[in-house]
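# Notes for the structure review
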Amino acid sequence: MLRRLLSFLSIDMAIDLGTCNSLVYVKDRGIIINEPSIVAVNSKTGQILAIGEEAKKMVGKTPAYISAKKPLRNGVVSDFEIAEQMIKYFIEKAAVSNKRILGMNYLPRVVISVPCGLTEVERKAVRDAVKNAGGRRVFLIEEPLAAAIGAKLSIEEPGGIFIVDIGGGTTEIAVISLGGIVVFKSLRVAGEKMNEDIIQFAQREYKLLIGERTAEMLKINIGCAIPQKEKKEMPMRGRNLVTGLPEEVIVYNEDIQRAIEKSVKQIVLSIKATIEETPPELLADIMQDGIYLSGGGSLLKGLDELISRETKMPCRIIDDPLTAVVRGAGIALENIENLSKLLSSEDDELSI
């Protein structure tokens, strides 16, 4: 009876707590929040001024005493207090439109995605941040597993599934079979590293200082992993480091390809290294089904073609790769009894 009452009153949710963006999936409603993982803080008072979309608008445009912070670095909680406040904001925002009896809500169960390579200390930091933010019970699910579930792949079959999730802070590479991860690599080279590559390229080639948002727009609009037949260009605006004056330079897709080439190569080499460690029996299945790509980084033009050429295997981008992880975590939440073996929680927590 108590379980049914708590189930009715609580707003269970799944969270993809990303380095760049966080998404929240509410049971029976789907994805209701998709906002940047940014918090604007007054460094003088410690007061939090804005979170998510509102905080992103402040990036690079605030007085010196207001800083826009990212509480996660490479998929890991780097600022516990700020991360806790951000998660609390997402939980409360999700609950606002889900008022239940007498306008009250009980604490939710939360399924949250994490990179494969987290240490126990880092996992505990994520759990503690969610519980302090209002989670009644916290379940962790590895990002590649969540992405595979979100892509509706048959992860519980004995065949091998090779999935690469390229997010903002990490690239997660995993071979999945019988509902578990057989081989994995967690690489701290992903979307943010490519943005840094473009910023360094602008300084090196043009003595131009550009911001992270400009670098990201260049990557999204004209970035590519291999040379493209169609030549695209885009203005790159910033401050000339020599004159100190604003300047605009036209750059082409081949320029951005050269800028991010090293990071792309690191991802490809890690994929090949994972293939080398994969048991031969599973490799036969993977050769037939190919490599699945998810995450925002998978949308880099020509990346699937480059990986296919380098590995000599088919490579495809799953449907809606940006939301695959949170959709998979949401499916795990809605089928928590059947998929409990894919989730990890603290042993001493009360099972409700």
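Residues numbered from 1 in each chain as written. Predicted model: local features only at pLDDT ≥ 70, side-chain atom pairs only at ≥ 80, totals over all residues. Heavy atoms only, no water.

## Some words on the sheet that holds strand E12 (residues 171-177)
Each strand in a sheet pairs with another by means of backbone hydrogen bonds, the pair being arranged parallel or else antiparallel. For clarity, the threshold we go by: By the convention used here, strands pair only if DSSP detects at least 2 bridges between them. Counting from the N terminus, the helices are DSSP H or I runs at least four residues long and the strands are E runs at least two residues long. Convention adopted: a line fitted to C-alpha atoms gives each axis, helices being fitted over their contacting stretch, and angles between N-to-C directions are expressed from 0 to 180 degrees. Should any heavy atoms of two residues lie within 4.5 Å, those residues are considered in contact.
If you trace the five strands from one edge of the open sheet to the other, you get E13-E12-E11-E17-E18, paired in mixed fashion. Two strands close off the open sheet at either side, each with one partner strand: strand E13 (180-187) and strand E18 (315-317). Within the sheet, the average angular offset between the axes of one strand and its neighbour, ignoring direction, is 20°. Judged from the four bridges that link them, strand E11 (residues 161-166) and strand E17 (residues 291-294) form a sheet pairing that is parallel. Within E17, the position partnered with Phe 162 by the bridge is Ile 291. Packed on one face of the sheet, helix H8 (residues 253-277) meets E11, E12, E13 and E17 and runs near 150° to E13.

## Here we look at the packing of aromatic side chains
Our working rule: Pairing of aromatic side chains here covers Phe, Tyr and the six-membered ring of Trp, requires ring centres within 6.5 Å, and sorts the geometry by plane angle: under 30 degrees stacked, over 60 edge-to-face, intermediate tilted. In this scheme, a residue with accessible area under 20% of its type's maximum is buried, one over 50% is exposed, and one in between is partly exposed, where area comes from a 1.4 Å probe on protein chains only. In this scheme, Lys NZ or Arg CZ marks a charge over a ring once it lies within 6 Å of the ring centre and within 35 degrees of the ring normal.
For the structure shown, the criterion picks out two aromatic pairs. On the numbers, 6.0 Å between centres and 75° between planes, the contact of Phe 201 with Tyr 206 is edge-to-face. Judged by its relative accessible area of 27%, Tyr 206 is partly exposed. Over the ring of Tyr 65 we find Lys 44, and its NZ or CZ is 4.6 Å from the ring centre. The ring of Tyr 252 carries Lys 231 above its face, with NZ or CZ at 4.6 Å from the centroid.

## Details of the side chain of Glu 35
The test is simple: Two N or O atoms form a polar contact when they lie within 3.5 Å of each other; inside protein one atom must be a possible hydrogen donor and the other a possible acceptor, and for residues adjacent in sequence the pair counts only when both atoms belong to side chains.
Within the element layout of this structure, Glu 35 appears in strand E3 (residues 30-36). The class for Glu 35 is buried, based on a relative accessible area of 6%. Side-chain polar atoms of Glu 35 contact the backbone nitrogen of Glu 53, separated by 3.0 Å. Apart from residues lying up to four places away in sequence, Glu 35 is in contact with Asn 21, Ser 22, Ile 51, Gly 52, Glu 53, Tyr 89, Phe 90 and Lys 93.

## Quick notes on H8
What sets the pattern is the α-helix's 3.6 residues per turn: residues three or four places apart point alike. Worth spelling out the cut-off: Given the number of residues in a helix, its expected span is that number minus one, multiplied by 1.5 Å. Note that bend, as reported per residue, equals the angle between axes fitted to the 7 residues terminating at that residue and the 7 residues originating from it.
The first and last C-alpha atoms of H8 sit 34 Å apart over 25 residues, in line with the 36 Å expected at 1.5 Å per residue. By the largest-angle criterion, Ile 260 marks the main kink of H8, which is about 55°.

## Quick notes on the state of the cysteines
Our working definition: Cysteine sulfur atoms are paired as a disulfide whenever they fall within 2.5 Å.
In this structure the tally under the stated criterion is zero disulfides. Take Cys 20: it sits in no disulfide, and the sulfur closest to it among the cysteines is that of Cys 116, at 18 Å. Take Cys 315: it sits in no disulfide, and the sulfur closest to it among the cysteines is that of Cys 224, at 16 Å.

## Digging into the environment of Ile 317
Assignment of secondary structure puts Ile 317 in strand E18. The class for Ile 317 is partly exposed, based on a relative accessible area of 32%. Each C-alpha atom of the pair Ile 317 and Ser 298 lies 6.7 Å from the other, and the pair is 19 residues apart in sequence. Sequence-distant contacts of Ile 317, defined by excluding residues within four places in its chain, comprise Leu 293, Ser 298, Leu 299 and Asp 304.

## Some thoughts on the sheet that holds strand E5 (residues 48-51)
Sheet architecture is open: three strands sit in the order E5-E4-E6, paired in antiparallel fashion. Strand pairing shows two members of the sheet lacking a second neighbour, E5 and strand E6 (66-69), which therefore form its edges. The mean inter-strand angle of the sheet, taken between neighbouring strand axes irrespective of direction, is 20°. Sheet topology note: the strand E4 (residues 39-42)/E5 ladder contains three bridges and is antiparallel. Looking at E5, one finds that Val 41 is bridged to Ile 48.

## Remarks on the packing of helix H6 (residues 191-206) against H8
This is how it is decided: The scheme is simple: roughly parallel for angles under 35 degrees, roughly antiparallel for over 145, roughly perpendicular for 65 to 115, oblique for anything else. If you view the pair so one helix is near and one far, a crossing is left-handed when the near helix is turned anticlockwise from the far one by less than a right angle, and right-handed when it is turned clockwise. Only Asp, Glu, Lys and Arg are considered charged, only Ala, Val, Leu, Ile, Met, Phe, Trp, Tyr, Cys and Pro nonpolar, and every remaining residue, Gly among them, polar.
Orientation of H6 relative to H8, taken along the N-to-C sense of each, is 140°, at an axis distance of 9 Å. In terms of orientation, H6 lies oblique with respect to H8. Crossing of H6 against H8: the hand is right-handed. When H6 is examined against H8, the residues Lys 193, Met 194, Asp 197, Ile 198, Phe 201, Glu 205 and Tyr 206 are found in contact with a partner set consisting of Asp 255, Ile 256, Arg 258, Ala 259, Ile 260, Ser 263, Val 264 and Ile 267. The residue inventory of the contact of H6 with H8, partitioned by class, reads nine nonpolar, one polar and five charged.

## Describing the pattern of salt bridges
This is how it is decided: Salt bridges are defined by distance alone: a side-chain nitrogen of Lys or Arg within 4 Å of a carboxyl oxygen of Asp or Glu.
Throughout the structure, instances matching the rule amount to 14 salt bridges. A salt bridge links Arg 258 to Asp 255; the nearest nitrogen and oxygen atoms lie 3.0 Å apart. Of this pair, Arg 258 and Asp 255 both sit in helix H8, three residues apart, which is roughly one turn of that helix. On the basis of relative accessible area, Arg 258 is assigned to the partly exposed category, the value being 45%. In this structure, Lys 272 engages Glu 310 in a salt bridge whose closest nitrogen and oxygen atoms are separated by 3.4 Å. Placement of the pair is Lys 272 in helix H8 and Glu 310 in helix H10 (residues 303-311), with a sequence separation of 38 residues. Overlapping salt bridges, with partners in common, bring together Lys 70, Arg 73, Glu 192 and Glu 212 in one network.

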